Amino acid sequence: MFVGGEFYNDNRWLLEKPTISTLNMTFLNGGKACLIVIAAYLLDHGINKLLLPSYLCPTIVTTLEHCGLSCNYYQINSDFSIDLIDLTHKLADHQALYFINYFGFLHSDEVQNYFAGLQQRGVLVVEDNAQGGFSDHITGSFSFNSMRKFGPFDGGYLITPFDLSPYINKFRSCPNRHLHLIREYREKLTNYLYKGTNTFEELDRLYNLAEYYYESDSIIEGDPQEKIQIERVNWEGIKQVRRENYLYLLNLISGIQELSPIFPALQKEIMPLGLPVYVSEVSRDWLFDQLGSAGIGLTIHWDGLIKDPRLNGNAIAVEMASKILTLVIDQRTNHNQMDYMVQILFDRIEYAKMQGISISN
């Protein structure tokens, strides 16, 4: 049995007509493209410093710095809440703030009201909703998502009251070397999983090459074919499945004391990315590898932070990154697969405890 991993082609969620209105959204190539356009706007308006959360994916920092922005950081607590005292202190030297809706969960009403107050004072607020998909609750001066986090699609939608066309048009159109490779990968992954055709080595080569081009090429324009497909997806149905799976899995792991859910209560209306937990008593990295060997492809958000000199000076962030593991609850996953995942988790944790495979191993 396989669980998780990269998304493969799956037409079960595609409908004949559009399911969502995107009239007030700008469709770009992905989350990275959204970041590049936002950075261009900030720089053009005399803003060259951005205040970001201490816990984030290092590629965000790389993209923004490559655009010419200077990045500073405010404290994120271990429960993924924002330290407003630290934020307020550091914001004095900044005209723009960046925040993340981690795993699709919204920040508290207090924090959202704080952001609204900042915008009234002229501070620009960038809302990273890459892990939340389409949301009816927009807080930032800019808000963007990343659709490849939720299915076999490429693209990101950017929402803002500002005219971004001058900044989009300044980037010349380039061939999208990533797109045809990732499409081929997704098709072959489907055949690999269900028909036994193709090889792991071939898939690995395709995926790594596609990701190399995604990271190295700065493609801004979104692909029209991807846009049509994304907007025909039954997103309401997917959200309901993810929410039901989240609650089902939350109950399954309740007896495993070494797994502590970071968000033990599911907020209303949101579409969760996954079910993040902190792993204690046993080595998270060893457990991650053991799950992979059992056909369970999970994600760590974000272990790259631990070795990144720009981010690893924050002890709280490093500790979070060393313990976190995101369990699968997406629309591909049924109860049998989640039962299997939890059984493997339980078995491997018990084995690690007996063998003394501790956090330091």
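This write-up is about the structure you can find in this document. (Residues numbered from 1 in each chain as written. Predicted model: local features only at pLDDT ≥ 70, side-chain atom pairs only at ≥ 80, totals over all residues. Heavy atoms only, no water.)

## Focus on the packing of helix 10 (residues 284-293) against helix 13 (residues 335-355)
Two elements in contact, helix 10 and helix 13, have axes separated by 10 Å at closest approach and are oriented at 135 degrees. What the angle tells us is that helix 10 and helix 13 run oblique. Remark: the crossing between helix 10 and helix 13 carries right-handed chirality. Contacts between helix 10 and helix 13 pair Trp 286, Leu 287, Gln 290 and Leu 291 from the former with Met 341, Ile 344, Leu 345, Arg 348, Ile 349, Tyr 351 and Ala 352 from the latter. Partitioning the contact of helix 10 with helix 13 into residue classes produces nine nonpolar, one polar and one charged. (Axes fitted to C-alpha atoms, helices over the stretch in contact; angles between N-to-C directions. Helix = DSSP H or I, 4+ residues; strand = E, 2+ residues; numbered from the N terminus. Parallel < 35°, antiparallel > 145°, perpendicular 65-115°, else oblique. Left-handed = near helix turned anticlockwise from the far one by under 90°. Contact = heavy atoms within 4.5 Å. Nonpolar A, V, L, I, M, F, W, Y, C, P; charged D, E, K, R; others polar.)

## Some words on the pairing of strand 5 (residues 96-100)
With five of its five residues buried, strand 5 lies for the most part within the structure. Burial of strand 5 is two-sided: the residues Ala 96, Tyr 98 and Ile 100 facing one way and the residues Leu 97 and Phe 99 facing the other way are all buried. Two elements, strand 5 and strand 6 (residues 124-128), share five bridges in a ladder whose sense is parallel. Bridge pairing in strand 6 places Ile 100 opposite Asp 128. Taken together, strand 5, helix 4 (residues 109-120) and strand 6 constitute a β-α-β crossover, and its handedness is right-handed. (Buried < 20%, exposed > 50% of the residue type's maximum accessible area, 1.4 Å probe, protein only. Pairing = 2+ DSSP bridges. Right-handed = clockwise from strand over helix to strand, strands pointing away.)

## Looking at the side chain of Gln 75
On the secondary structure map, Gln 75 appears in the loop between strand 4 (70-74) and helix 3 (84-91). Once residues lying within four places of it in the same chain are set aside, the contact partners of Gln 75 are Ser 54, Ser 81, Ile 82, Asp 83, Asp 86, Asn 314 and Ile 316.

## Considerations on the pairing of strand 6
Within strand 6, five of the five residues are buried, which leaves it mostly tucked inside the rest of the structure. Neither face of strand 6 is exposed, since Leu 124, Val 126 and Asp 128 on one face and Val 125 and Glu 127 on the opposite face are all buried. Bridge analysis of strand 6 against strand 7 (residues 142-144) gives three bridges, and the strand direction is parallel. From the neighbouring strand, Val 126 faces strand 7, where its bridge partner is Phe 142.

## Quick notes on the pattern of salt bridges
Going through the model one piece at a time under the given rule, you end up with 19 salt bridges. Of the charged contacts in the structure, one is a salt bridge between Arg 186 and Asp 154, with a shortest N-O distance of 2.9 Å. In this pair, Arg 186 is assigned in helix 6 (residues 177-194) and Asp 154 in the loop between strand 7 and strand 8 (156-159), connecting sequence segments 32 residues apart. With respect to class, Arg 186 is no different from Asp 154; both count as buried. Its salt-bridge partner being Lys 188, residue Glu 184 comes within 2.8 Å of it at the nearest N-O pair. Of this pair, Glu 184 and Lys 188 both sit in helix 6, separated by four residues, roughly a single helical turn. Under the relative-accessibility criterion, Glu 184 is labelled partly exposed at 30%. Residue classification places Lys 188 among the buried positions, given a relative accessible area of 18%. Through salt bridges with shared partners, a single ionic network connects Glu 65, Asp 308 and Arg 310. (Salt bridge = Lys/Arg side-chain N within 4 Å of Asp/Glu carboxyl O.)

## Brief notes about the nonpolar core
Leu 42, Tyr 55, Phe 80, Phe 115, Trp 235, Leu 327 and Met 341 are the most contacted members of the largest nonpolar core, which has 110 residues in total. Sorting elements by how many residues they give to this core places helix 1 (residues 31-44) first, with ten residues. If near-sequence neighbours (up to four positions away) are discounted, Leu 327 is found in contact with Leu 249, Ile 253, Gly 274, Leu 275, Val 277, Leu 298, Met 341 and Leu 345. Counting ten residues, the second largest nonpolar core, distinct from the first, contains Leu 181, Leu 189, Leu 206 and Ala 210. (Core = buried A, V, L, I, M, F, W, Y, C linked by side-chain atoms within 4.5 Å.)

## Topic: helix 3
Residues Leu 84, Asp 86, Leu 87 and Leu 91 constitute the buried set of helix 3. Buried residues of helix 3, seen end-on, are gathered within an arc of 160 degrees and therefore sit on one face of the element. What points out from helix 3, more than 90 degrees from its buried face, is the exposed set Ile 85 and His 89. Turning to helix 3, the residues buried within the fold contact strand 3 (49-53), strand 4, strand 5 and helix 4. Between the side-chain oxygen of the N-cap and the backbone nitrogen of Ile 85 there are 3.1 Å, and the N-cap of helix 3 in question is Asp 83. (Arc of directions from axis to C-beta. Polar contact = N/O pair within 3.5 Å; in protein donor to acceptor, adjacent residues only side chain to side chain.)

As far as function goes, none of this settles anything; it's purely spatial.
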